[in-house]
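Tertiary structure, described
Single-letter residue listing:
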Amino acid sequence: MDAIGFGQHNHAECIRQGLDSVDAQCKAAGLQFTPVRRRVLEMLLAEHRAHGAYEILDSLRAEGLGSQPPVSYRALEFLVKNGFAHKIERLNAFIACAHLAENHAPVFLISRACDSVAETYTDLTRSVLGRAAQTAGFLIERTGVEIEGNCTCLLYTSPCPRDATLSRMPSP
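Summary of the structure given here. The shown structure was predicted, so the numbers you read here are calculated from the model rather than taken from an experiment.

**Some words on helix α4 (residues 69–81)**
Taking 1.5 Å as the rise per residue, α4 with 13 residues should run 18 Å; its terminal C-alpha atoms sit 18 Å apart, in good agreement. Here α4 has its buried residues at Ser72, Ala75, Leu76, Phe78 and Leu79. Angularly, the buried residues of α4 cover 160° about the axis, an arc narrow enough to put them on a single face. Every exposed residue of α4 that faces more than 90 degrees away from the buried side is listed here: Arg74, Glu77 and Lys81. Phi turns positive one or two residues past the end of α4, at Gly83, with a value near 80°.

**A word on the nonpolar core**
Judged by nonpolar contacts, the single largest core of 24 residues is most densely connected at Phe33, Val40, Leu41, Leu44 and Leu79. Secondary-structure elements contributing two or more residues to this core are α1 (11–29), α2 (35–46), α3 (53–62), α4 and β2 (93–96). At 6 residues, α2 tops the list of elements feeding residues into this core. Non-local contacts of Phe33, meaning those with residues more than four positions away in its chain, are made with Leu19, Val22, Asp23, Cys26, Arg38, Leu41, Phe78 and Leu79. Of all hydrophobic cores here, the second largest spans 7 residues; its members include Ile88, Ile95, Ile110 and Val117.

**Brief notes about the layout of surface pockets**
Counted as a void, the largest pocket has a volume near 630 Å³. In this structure, the largest pocket is lined by 26 residues; those nearest its centre are His86, His104, Pro106, Arg142 and Thr143. Of all the secondary structure elements, the ones that give two or more residues to the lining of the largest pocket are β1 (85–88), β3 (105–111) and β4 (117–122). For the lining of the largest pocket, a count of residues per class yields 10 nonpolar, 9 polar and 7 charged.

Quick notes on the rules
Residues numbered from 1 in each chain as written. Predicted model: local features only at pLDDT ≥ 70, side-chain atom pairs only at ≥ 80, totals over all residues. Heavy atoms only, no water. Helix = DSSP H or I, 4+ residues; strand = E, 2+ residues; numbered from the N terminus. Expected span 1.5 Å × (residues − 1). Buried < 20%, exposed > 50% of the residue type's maximum accessible area, 1.4 Å probe, protein only. Arc of directions from axis to C-beta. Core = buried A, V, L, I, M, F, W, Y, C linked by side-chain atoms within 4.5 Å. Contact = heavy atoms within 4.5 Å. 1 Å grid on protein atoms, 1.4 Å probe; cavity = no way out; pocket = protein on both sides within 12 Å on 5 of 7 lines; lining within 4 Å. Points joined across faces, edges and corners; volume = space filled by probe spheres on them. Nonpolar A, V, L, I, M, F, W, Y, C, P; charged D, E, K, R; others polar.

Everything listed here is a matter of geometry and, on its own, says nothing about what the molecule does.
Shown next, in the form of structure tokens:
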């Protein structure tokens, strides 16, 4: 699957599909997808960048959905525990999972230029990391690869998903 976050796509459809997928998965697993959890996921899906817990709490407070830190932390914990969101350790922030219905080893591409985060994944059974673990007799249970760099919005004239006013280098 492609990395979503730096390229152009139908973002309204992306949000709708994400919410519908999580709603269906929660119903199938007997999980409670409460209004606060739904709203937090919607906030994470709204932009392809990582959001801090206090940023989310500020939005929830403004919407009358809670004013204490446990409100956002509990919702984020639920989303991460069930694979609907990921914590970006490098940023101490959270992002919606871009591959909701798939069991995958996520790889995060973090743009220093515009703070966008794209999620792709790796196949651990075929990767160098997977082969090294197998050779060492190690069973990988969870991975989290975070790669920092710059998205192409600085290199080309394509619009940046975060800020169209960023200065760009001329096309090569």
